[in-house]
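Residues per chain, in single letters:
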Amino acid sequence: MRFMKQEQEMWLVAPRDPRVIFTDLEINEKYDRGEGRIVVENNRERLPGFVNQLKNSAYMDLRPFYQRRPRWDQTRQSRLIESLLINLPVPPVFLYEKDFNSYEVMDGQQRITAINDFYNNKFALQGLQYWPELNGRHYHSLPSLVKAGIDRRSISIIVMLKESAPQDEEALFLRQIVFERLNTGGIELERQEIRNALFPGIFNDLLVELSRHPCIRRTWDLPEFHVDEMSSGNRKLTESPFFQKMEDVELILRFFALRHADHYTRGMQGFLDLYMMRASRFDSEVVKALREEFINTIETANRVYGDVLFRPYDVKLEKWSDRPQKAFFDAVMVAISRNIHLADKMEEKRDKILTETIQLFRTHEAGTFTGRGNTKSDVQNRINLMSNMIDEVVR
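These figures come from a predicted structure and were not determined experimentally.

Engineer: Before we go on, may I ask you to explain the overall build of the protein in this structure?
Structural biologist: Summing up its helical and strand segments, the protein has 19 helices and seven strands in all. Counting the 395 residues in the protein, one finds 47% classified as buried. Element-wise, carbon and sulfur atoms account for 48% of the exposed surface of the protein, whose accessible area totals about 20,500 Å².

Engineer: Would you explain the packing of helix α4 (residues 74-85) against helix α5 (residues 109-119) in this entry?
Structural biologist: To characterise two packed helices, one gives the angle between the axes of the helices and the distance between these axes. In contact at an axis separation of 9 Å, α4 and α5 are set at 85 degrees when each is read in the N-to-C sense. One finds that α4 runs roughly perpendicular with respect to α5. Facing α4, whose interface residues are Q77, L80, I81 and L84, α5 presents R111, A114, I115, D117 and F118. Across the contact of α4 with α5, the residue classes tally to six nonpolar, one polar and two charged.

Engineer: What's the story with the side chain of S154 in this structure? I'm lost.
Structural biologist: Its place among the elements puts S154 in strand β5 (residues 154-160). For S154, a relative accessible area of 19% puts it in the buried group. S154 has contacts with R44, E45, R46, L47 and L84, leaving out every residue within four places of it along the chain.

Engineer: How should the sheet that holds strand β2 (residues 60-61) be read in this particular structure?
Structural biologist: Hydrogen bonding along the main chain pairs the strands of a sheet, whether they run parallel or antiparallel. Reading across from one edge, β1-β5-β3-β4-β2 is the order of the five strands in this open sheet, with mixed pairing throughout. This sheet does not close on itself; its edge strands, each paired only once, are β1 (40-46) and β2. As paired strands, strand β3 (residues 93-99) and β5 are joined by four bridges and run parallel to one another. Paired with V93 across the two strands is I157, which belongs to β5.

Engineer: For this particular structure, what's the right way to read the packing of aromatic side chains?
Structural biologist: Think of a pair of aromatic rings as described by two things: how far the centres are apart, and how the planes are tilted against each other in angle. Enumeration according to the criterion identifies 25 aromatic pairs in this entry. Measuring from ring centre to ring centre gives 5.2 Å for Y264 and F271, while their planes differ by 45 degrees; the resulting arrangement is tilted. An aromatic cluster is present here, built from W11, F203, F255, F256, Y264, F271, Y275, F282 and F294 joined pairwise through their rings. Above the face of the Y139 ring, K147 is positioned so that its terminal group lies 5.1 Å from the ring centre. In this structure, R259 packs its charged tip against the face of F255, placed 5.9 Å from the ring centre.

Engineer: Please explain the environment of I383 as it appears in this structure.
Structural biologist: Along the chain, I383 turns up in helix α19 (residues 376-394). A residue is classified by how much of its surface remains accessible, and I383, at 1% relative accessible area, is buried. Put simply, I383 and D330 are 53 residues apart on the chain and 7.2 Å apart in space, counted from C-alpha to C-alpha. Apart from residues no more than four positions distant in its own chain, I383 is found in contact with L258, A261, D330, A331, V334, A335 and R338.

Engineer: Sorry if this is basic, but what is going on with the environment of K326 here?
Structural biologist: Within the secondary structure, K326 is located in helix α16 (residues 326-338). When the C-alpha positions of K326 and L251 are compared, they lie 7.3 Å apart, and in sequence the two are 75 residues distant. Not counting residues up to four positions away in its chain, the partners in contact with K326 are F242, E247, E250, L251 and R254.

Engineer: Just checking my understanding: could you explain the side chain of S102 for this structure?
Structural biologist: When you line up the elements, S102 lands in strand β4 (residues 102-107). On the basis of relative accessible area, S102 is assigned to the buried category, the value being 12%. Of note is the side chain of S102, whose polar atom sits 2.9 Å from the backbone oxygen of A58. Residues contacting S102, with those up to four places away along its chain left out, are A58, Y59, Y96 and E97.

Engineer: Whenever I open this one, the pairing of β4 confuses me. Can you help?
Structural biologist: Residues in a regular strand project their side chains so that they alternate between the two faces of the sheet. Extensive coverage of β4 is indicated by the burial of six of its six residues. Examined bridge by bridge, β2 and β4 share two bridges and lie parallel to one another. Of the residues in β4, the one forming a bridge with M60 is Y103. In this sheet, β4 lies alongside β3 in antiparallel orientation, the contact comprising five bridges. Its bridge partner being in β4, F94 is matched across the sheet by D107.

Engineer: Could you clarify how one ought to interpret the pattern of salt bridges in this entry?
Structural biologist: For side chains of opposite charge, pairing can occur when their charged atoms come near one another. Summed over the entire model, instances satisfying the criterion amount to 15 salt bridges. Here D273 ties to R195 by a salt bridge, and the two come within 2.7 Å at their closest N and O atoms. Placement of D273 in helix α14 (residues 267-279) and of R195 in helix α8 (residues 191-198) is noted, with a sequence separation of 78 residues between them. For the pair formed by D273 and R195, the shared burial category is buried.

Engineer: Explanation requested: helix α3 (residues 47-54) in the structure shown.
Structural biologist: An α-helical turn contains 3.6 residues, so any two residues separated by three or four positions project in the same direction. For α3, the set of buried residues is L47, F50, V51 and L54. An end-on view of α3 places all buried positions within 95 degrees of arc, on one side of the element. Each element contacted by the buried residues of α3 is listed here: β1, β2, α4, α5, α6 (144-151) and β5.

Criteria and thresholds
Residues numbered from 1 in each chain as written. Predicted model: local features only at pLDDT ≥ 70, side-chain atom pairs only at ≥ 80, totals over all residues. Heavy atoms only, no water. Helix = DSSP H or I, 4+ residues; strand = E, 2+ residues; numbered from the N terminus. Buried < 20%, exposed > 50% of the residue type's maximum accessible area, 1.4 Å probe, protein only. Areas by Shrake-Rupley, 256 points an atom, 1.4 Å probe, with all protein chains shown as cover. Axes fitted to C-alpha atoms, helices over the stretch in contact; angles between N-to-C directions. Parallel < 35°, antiparallel > 145°, perpendicular 65-115°, else oblique. Contact = heavy atoms within 4.5 Å. Nonpolar A, V, L, I, M, F, W, Y, C, P; charged D, E, K, R; others polar. Pairing = 2+ DSSP bridges. Phe/Tyr/Trp six-rings, centres within 6.5 Å; stacked < 30°, edge-to-face > 60°. Lys NZ or Arg CZ within 6 Å of the ring centre and 35° of its normal. Polar contact = N/O pair within 3.5 Å; in protein donor to acceptor, adjacent residues only side chain to side chain. Salt bridge = Lys/Arg side-chain N within 4 Å of Asp/Glu carboxyl O. Arc of directions from axis to C-beta.

So this is what it looks like as structure tokens:
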């Protein structure tokens, strides 16, 4: 399997030791060094000054914390403004200092957006309970004393400083933990939703793009991709738990990450976190090569397996399963990727590969190809079994 230079170099620095057994002395030394504790700064900003700072695009990243979270409606935005007006305590926003005087919102994006939009006259107040006489008013049309009153109000800000973790990778892991703890109120975030929020960029965009591939959509029973599918309210798509949890996007990440199964560590989700973190630094040349690698692989897999693509064989029922399985997807995709230079032969030997795939299910323990085990040896074993079988068939 061919890896680009950046892919090879991503493993030159070994991941931090994840061991959990320490002596009391080691634990005390770690605590004394300040490891595992965030360094924060508490600030208060008057609303007009805060909104003015937001005009500087380098000051704060207001990107929503995960892709499909619904935006606050106008009534909820208005009631935040009413809370500020009557001096009701409002929870602080939590920022991450990604560079000096440059921040990323970890919690409070909706509150910041509501304040910013109101001060920029993007909505009129509605649904107010204590000040209903202000319904229909924009910021610019507020009575002078009311406007002066709200301009006196402040927003509380907690900043997680860069000093919280001196190493870039440590900072990213700590940031991920903080992000998860802050954003679990009422909605449990899935790991891929968190990755999507924490590691934006061209590699993350690639994952989303490739999750729309017809083979992914068809195999996991999702409608074909259309540019306006979210705005058009496609209920089959938006009501699919698989889509809602971004499992379609995580599938693509699994493929790219498990091509490097020799470096597998921290369990499946931990390894995906690690790969995503390091892959977020890939340049456009690597991303282009990965796109081509995925498309060539999945289209070859589709030509070989057809209607049973990524569906395990049920030995008891003597038939292919009605549903695809992630671990089998991993094994098939990585195995075909390793042999992609022999794509024509794989298609030519399609019937033999199908027969030998069934034989693998017959001769190996139940669960080998369906993810019952996710240790490094489990993952490597199912990938190697598929790879060796394909290699033997096509050579």
